[in-house]
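The chain contents come next:
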Amino acid sequence: MKKIIFIIAIAYCAVSCSGSKDVYLFTSFREPATDGLRLAYSEDGYQWKDLKNIFLKPEIGFSETKIMRDPSIVRGKDGIYHLVWTTDWKGGNGFGYASSKDLIHWSKQEYIPVMKKESEVVNVWAPEIFYDDEQDRYIIIWASTIPFRYEKGQEEEKNNHRMYYVTTKDFKTFSETKLFYEPGFSVIDCVIVKRAKDDYVLVLKDNTRPNRNIKVAFGKSPLGPFDKSSEPFTDFLSEGPAVLKKNNNWLIYYDNYGAKNYKAAKTSDFIYFEDISSQIKLPEGHKHGTISKVSKKVLKGLIEKEKQE
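It should be emphasised that the depicted structure is a prediction, and the values quoted were computed from it without experimental measurement. (Residues numbered from 1 in each chain as written. Predicted model: local features only at pLDDT ≥ 70, side-chain atom pairs only at ≥ 80, totals over all residues. Heavy atoms only, no water.)

A.B. asks: I tried to follow the sheet that holds strand β14 (residues 213–219) on my own but got confused; where do I start?
C.D. replies: Within a sheet, neighbouring strands are paired by backbone hydrogen bonds and run either parallel or antiparallel to one another. Strand order in this open sheet of 3 strands is β12-β13-β14, and the pairing throughout is antiparallel. Since the sheet does not close on itself, it has two edges, and those belong to β12 (187–196) and β14, each with one partner. Across the sheet, the mean angle separating the axes of adjacent strands is 20° when strand polarity is ignored. Relative to β14, strand β13 (residues 199–206) runs antiparallel, the two sharing 7 bridges. Residue pairing across strands places Lys205 opposite Ile214, the latter belonging to β14. (Pairing = 2+ DSSP bridges. Helix = DSSP H or I, 4+ residues; strand = E, 2+ residues; numbered from the N terminus. Axes fitted to C-alpha atoms, helices over the stretch in contact; angles between N-to-C directions.)

In structure tokens form, the structure reads like this:
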């Protein structure tokens, strides 16, 4: 017990004694995704330390076994953290939602049936929250398959995804569901990145059978339209990009699932990419999530929670 307390004290001191006001926080889950929300933190954006607790156990979804995959989190200007996640591999028409002030105490979990008007929808995968500071709203994007709706290549009809979205200001009322991105091929795992006013990047997975890799596209609005996607900058069988800004560069983490490892690339312009995988360290079993920033006060609470487990 003394050893555990000593380790926690060292971790807290390492966080509180550095000069930065905020730290990076990486949401995650572990297969088979039944445990719930996991978190890792980093001072420098490269070396990540695991917070070993389960911070929110899944309670909603269509399947008998409740899961939480692809947790995406964003902090609103009111200081509230908003979390969405995949609740069902197949069979659902929405995603999960909960909010928290400290990432420890959570609101009641809600199911948001964003595809309820599409009776043939196969799935709702990897919802991703983006805060649009230009219009003070949240944009939530996700991938869904509606068989025979779009042209396809080698994909089966139930694996031919397109990206959809809703907007909300309060997570109580939502806009009508609309098509977000139709690049002419099956696409999932999109992330919106704002570089400047009227300058946005979409990081995306080309989910077609021959590709299944990560590309980018550019637009003047967080809702697009986005131009033709680039050539891939990752290997075959990679997905789940998560993006953070570090000084004048952007780091893009991704699940290189074909080789069963996690990798990262660095770019200053989203045109040229440098593989920095040898410079990163992530907790074993880490899976698809998002990266944001939290205050040291919030992180202190998360670290102290380990003492209670």
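A.B. asks: Just to check I follow, could you spell out the packing of aromatic side chains for this structure?
C.D. replies: By convention here, two paired aromatic rings are described through the distance between centres and the angle between planes. For the structure on display, the rule yields 17 aromatic pairs. Centre to centre, the rings of Tyr97 and Phe171 are 4.6 Å apart; their planes meet at 5°, and the pair counts as stacked. One end of the pair, Tyr97, is in strand β6 (residues 95–100); the other, Phe171, is in the loop between β10 (161–168) and β11 (178–181), and 74 residues separate them in sequence. Each member of the pair, Tyr97 as well as Phe171, carries the same accessibility label: buried. Considering the side-chain rings of Trp250 and Phe270, the 5.7 Å spacing of their centres and the 50° angle between planes classify their relative orientation as tilted. (Phe/Tyr/Trp six-rings, centres within 6.5 Å; stacked < 30°, edge-to-face > 60°. Buried < 20%, exposed > 50% of the residue type's maximum accessible area, 1.4 Å probe, protein only.)

A.B. asks: Would you explain the environment of Leu103 in this entry?
C.D. replies: Along the chain, Leu103 turns up in the loop between β6 and β7 (110–112). Taking the C-alpha atoms as reference, Leu103 lies 18 Å from His286; in sequence the two are 183 residues apart.

A.B. asks: Mind showing me how you'd approach the layout of surface pockets here?
C.D. replies: Left-over empty space is what a probe sized like a water molecule reveals as it rolls over the atoms. Empty space within the largest pocket amounts to approximately 810 Å³. Lining the largest pocket are 24 residues; nearest its centre among them are Val74, Val243, Ile291, Ser292 and Lys293. Secondary structure elements with two or more residues in the lining of the largest pocket: β1 (22–28), β4 (69–75), β8 (125–132), β12, β15 (239–246) and β19 (291–295). Sort the elements by how many residues they give to the lining of the largest pocket and β15 lands first, with 5 residues. The residue makeup of the lining of the largest pocket, split by class, is 15 nonpolar, 2 polar and 7 charged. (1 Å grid on protein atoms, 1.4 Å probe; cavity = no way out; pocket = protein on both sides within 12 Å on 5 of 7 lines; lining within 4 Å. Points joined across faces, edges and corners; volume = space filled by probe spheres on them. Nonpolar A, V, L, I, M, F, W, Y, C, P; charged D, E, K, R; others polar.)

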